[in-house]
Amino acid sequence: MKDSLGSLFSHCGSQNKYKRLDAKLEKKMIEVKRSSSGHSNFKSINSIILRFPRFKEGLKNIKGVFEQYDEDANGAIDREELKRCLQKLQLNLKEQEVEDLFSSCDIDGSQGIQFNEFIVLLCLIYLLMERPSSPHNTSKMGSPELEATFDTLVEAFLFLDKNGDGKLNKKDVLKALDEESPWEKSPAHISKSRFREMDWDRNGKVSFREFLFALINWVGIDADEEIPIMES
């Protein structure tokens, strides 16, 4: 499943449409990392894995929003449905921004945003939006619970981003895995498999967008049972 998704991710359309958005996200991750002063509630890979049930519960709350805007109930949100969704959520994005987000999250090129893709899209919008100017409105998306879930996902990414450059490389991931049990290094094939599951476009770097897709896949947000997370 993951390999086929990775193949789709790397071959559907031009990579240029990803670069612009990923560059913005990379810059945002660097800003957040600097402002956090190195503080993290995560101390290990296991501490992230233990949060999976909470991630799953928080993200499943988006299901109702997704179904509300999937007007034809075909299991996907098309461009026009997405525009109406963003308007109702009072998320004022430029036409090009909407197109970039849609293209970057429509990983299978189906011209429709599936539920797991919608989660990623909302998280990216949340990150890239400016804070409300009104002092009485501190919530960007009208759901403090959802925003708290997104903030925790960002924190998990930043824990793995050891050098703070806004993206993950294999060295970062291997270091995090080995910190879990310094006296017993993770088997090489497990560590490489882990990184491969995140590095969908096979360029040796993992953007926050790729990380989100991989994490949602591991959590099993769109399945009745959680997807096993330790595969060789």
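Residues numbered from 1 in each chain as written. Predicted model: local features only at pLDDT ≥ 70, side-chain atom pairs only at ≥ 80, totals over all residues. Heavy atoms only, no water.

Draft legend 1. A look at the packing of helix α4 (residues 52-60) against helix α12 (residues 208-219). Contact geometry for α4 and α12: axes closest at 10 Å, N-to-C directions at 100°. One way to sum up the angle between α4 and α12 is to call them roughly perpendicular. Note on element contacts: α12 touches α4 through Leu215, Ile216, Trp218 and Val219, opposite Phe52, Phe55, Lys56 and Leu59. Here the residues of the contact of α4 with α12 sort into 7 nonpolar, no polar and 1 charged. (Axes fitted to C-alpha atoms, helices over the stretch in contact; angles between N-to-C directions. Helix = DSSP H or I, 4+ residues; strand = E, 2+ residues; numbered from the N terminus. Parallel < 35°, antiparallel > 145°, perpendicular 65-115°, else oblique. Contact = heavy atoms within 4.5 Å. Nonpolar A, V, L, I, M, F, W, Y, C, P; charged D, E, K, R; others polar.)

Draft legend 2. Spotlight on the pattern of salt bridges. Counted under the stated rule, the structure contains 7 salt bridges. Between arginine 79 and glutamate 99 there is a salt bridge, with its nearest N and O atoms 2.9 Å apart. Pair noted here: arginine 79 is in helix α6 (residues 79-88) and glutamate 99 is in helix α7 (residues 95-105), with a separation of 20 residues, a long-range link. A residue is classified by how much of its surface remains accessible, and glutamate 99, at 29% relative accessible area, is partly exposed. Where lysine 167 meets aspartate 165, a salt bridge forms, and the shortest distance between an N and an O atom there is 3.6 Å. Bridged by salt links that share partners, the residues Glu26, Asp165 and Lys167 form one connected network. (Salt bridge = Lys/Arg side-chain N within 4 Å of Asp/Glu carboxyl O. Buried < 20%, exposed > 50% of the residue type's maximum accessible area, 1.4 Å probe, protein only.)

Draft legend 3. A look at the nonpolar core. Counting 62 residues, the largest nonpolar core has Ile62, Leu124, Phe150, Phe208 and Phe211 as its most contacted members. Tallying contributions element by element places helix α8 (residues 115-128) first for this core, with 11 residues. With residues up to four places along the chain from it excluded, the contact list for isoleucine 62 reads Phe115, Phe118, Ile119, Leu122, Leu146 and Phe150. (Core = buried A, V, L, I, M, F, W, Y, C linked by side-chain atoms within 4.5 Å.)

Draft legend 4. Looking closely at the packing of aromatic side chains. Counted by the stated rule, this structure contains 7 aromatic pairs. Between the aromatic rings of tyrosine 126 and phenylalanine 150, the centroid separation amounts to 5.8 Å while the plane-to-plane angle is 40°, which identifies the pairing as tilted. Of this pair, tyrosine 126 sits in helix α8 while phenylalanine 150 sits in helix α9 (residues 144-160), and the two are 24 residues apart along the sequence. Given a relative accessible area of 3%, tyrosine 126 falls into the buried group. For phenylalanine 150, a relative accessible area of 0% corresponds to the buried category. Summarising the aromatic geometry, the rings of phenylalanine 157 and phenylalanine 208 are spaced 5.3 Å apart at their centres and angled 90° between planes, so their arrangement reads as edge-to-face. Here phenylalanine 208 lies in helix α12 and phenylalanine 157 lies in helix α9, a separation of 51 residues in the sequence. For the pair phenylalanine 157 and phenylalanine 208, a shared accessibility class is recorded, and that class is buried. One aromatic cluster in this structure is built from Phe66, Phe115 and Phe118. Lying across the ring of phenylalanine 115, lysine 63 places its NZ or CZ 4.3 Å from the centre. Here the guanidinium or amino end of lysine 162 rests over the ring plane of phenylalanine 159, the centre of that ring lying 3.9 Å away. (Phe/Tyr/Trp six-rings, centres within 6.5 Å; stacked < 30°, edge-to-face > 60°. Lys NZ or Arg CZ within 6 Å of the ring centre and 35° of its normal.)

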